[in-house]
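Here's the letter readout for the chains.
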Amino acid sequence: MLLFVGLGNPGAKYANNRHNVGFMAADAIARRHSFSPWSRKFQAEIAEGRLEGEKVLLIKPQTFMNLSGQSVGEALRFYKLDASAVTVFYDEIDLEPGKVRVKKGGGAGGHNGIRSLDQHIGKDYRRVRIGVGHPGVREMVHGHVLGDFSKSDREWLDVLIEAIGDNAALIAKGDDNSFMNRVTLTLRDKLQPTGENDTPPPKKAAPKAQSHIRQARQNAPAVKVPENGPMAAMLRKLLGKE
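Quick look at the structure, then. Being a predicted model, the structure only gives us computed values, none of them experimental.

Conventions and cut-offs
- Residues numbered from 1 in each chain as written.
- Predicted model: local features only at pLDDT ≥ 70, side-chain atom pairs only at ≥ 80, totals over all residues.
- Heavy atoms only, no water.
- Buried < 20%, exposed > 50% of the residue type's maximum accessible area, 1.4 Å probe, protein only.
- Helix = DSSP H or I, 4+ residues; strand = E, 2+ residues; numbered from the N terminus.
- Pairing = 2+ DSSP bridges.
- Axes fitted to C-alpha atoms, helices over the stretch in contact; angles between N-to-C directions.
- Left-handed = near helix turned anticlockwise from the far one by under 90°.
- Contact = heavy atoms within 4.5 Å.
- Nonpolar A, V, L, I, M, F, W, Y, C, P; charged D, E, K, R; others polar.

## Some points on the pairing of strand S5 (residues 86-92)
The buried fraction of S5 is high, at seven of seven residues. Relative to S5, strand S1 (residues 2-6) runs parallel, the two being bridged by four bridges. Bridging across to S5, Val5 finds its partner in Val88. In the sheet, S5 pairs with strand S7 (residues 126-131) via six bridges, with the strands oriented parallel. Bridge pairing in S7 links Val88 to Arg127.

## So, the pairing of strand S4 (residues 54-61)
Of all eight residues making up S4, six are buried, and the element is well covered by its neighbours. In terms of strand pairing, S1 meets S4 through four bridges, oriented parallel. Considered in S4, the bridge of Val5 is made with Ile59. Here eight bridges tie strand S3 (residues 44-51) to S4, and the two strands are oriented antiparallel to one another. Considered in S4, the bridge of Leu51 is made with Glu54. Hairpin connection between S3 and S4: a loop of two residues separates the two successive antiparallel strands, and Glu52 in this loop has a positive phi of roughly 55°.

## Some words on the packing of helix H2 (residues 68-79) against helix H3 (residues 112-121)
Two elements in contact, H2 and H3, have axes whose closest approach is 7 Å; the angle formed by their N-to-C orientations is 35°. Like other packed secondary-structure pairs, H2 and H3 cross with a definite hand, here right-handed. Residues Ser68, Gly69, Gln70, Val72, Gly73 and Leu76 of H2 form the contact with H3, whose own contacting residues are Gly113, Ser116, Leu117, His120 and Ile121. Class assignment for the residues of the contact of H2 with H3 results in four nonpolar, seven polar and no charged.

## Some thoughts on unusual backbone geometry
Unusually for a residue other than glycine, Ser34 sits at a positive phi of about 50°. Secondary-structure assignment places Ser34 in the loop between helix H1 (21-32) and strand S2 (39-41). Judged by its relative accessible area of 63%, Ser34 falls in the exposed class. We note that Phe42 has phi near 60°; this positive angle belongs to a residue other than glycine. Within the element layout of this structure, Phe42 appears in the loop between S2 and S3.

Honestly, that's just the spatial picture; any functional story needs more than this.
Following this line, the structure appears as structure tokens:
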């Protein structure tokens, strides 16, 4: 049995926070693979289903982020599993928005939910890090992760979350590289410009209109002008030779 854990904070006011992207991923997996309805157990919302023939328990801890490890630890003890059965989906400020990386073990990187998991179950679990970007200043990180995704973020976020749901079976198989590649390709294919809204190339300016006299002058055959005499002077004046 595998435990897929999405991290976040419970409650409607946190639902669209960057910190709740783990909950969003868990919801997408449940939708895409027809998991059971959500119920309450282990201080969490849980749903059951199968991926690649493997039984999977989705867990969304309801303890608030800083105590996520309590919920996951309780589930592990109940099923007599160790940390290697756990995959955690969570927000990562050290990745650009829309990037996804999978690794096993490592440090908490300042993430309180991961720190809590490390304390309760150890570090030997798989981590699906979902990039939400860094605000640029350390003092702004708290407000950044607890802030909602912007309208412009939704363009890539919706595609990313659905791609995670669509390809979750690869995580269950342990094929982390294929999972990352599939998600990346989906983002590239669905977000690349279509050309429909591209600015058309500027039209060439139409040739400047010319008067019929000038056109006639340009198209008229060359006239041999007498070099001397009154007629020569008049013709030179009419033909613009003076």
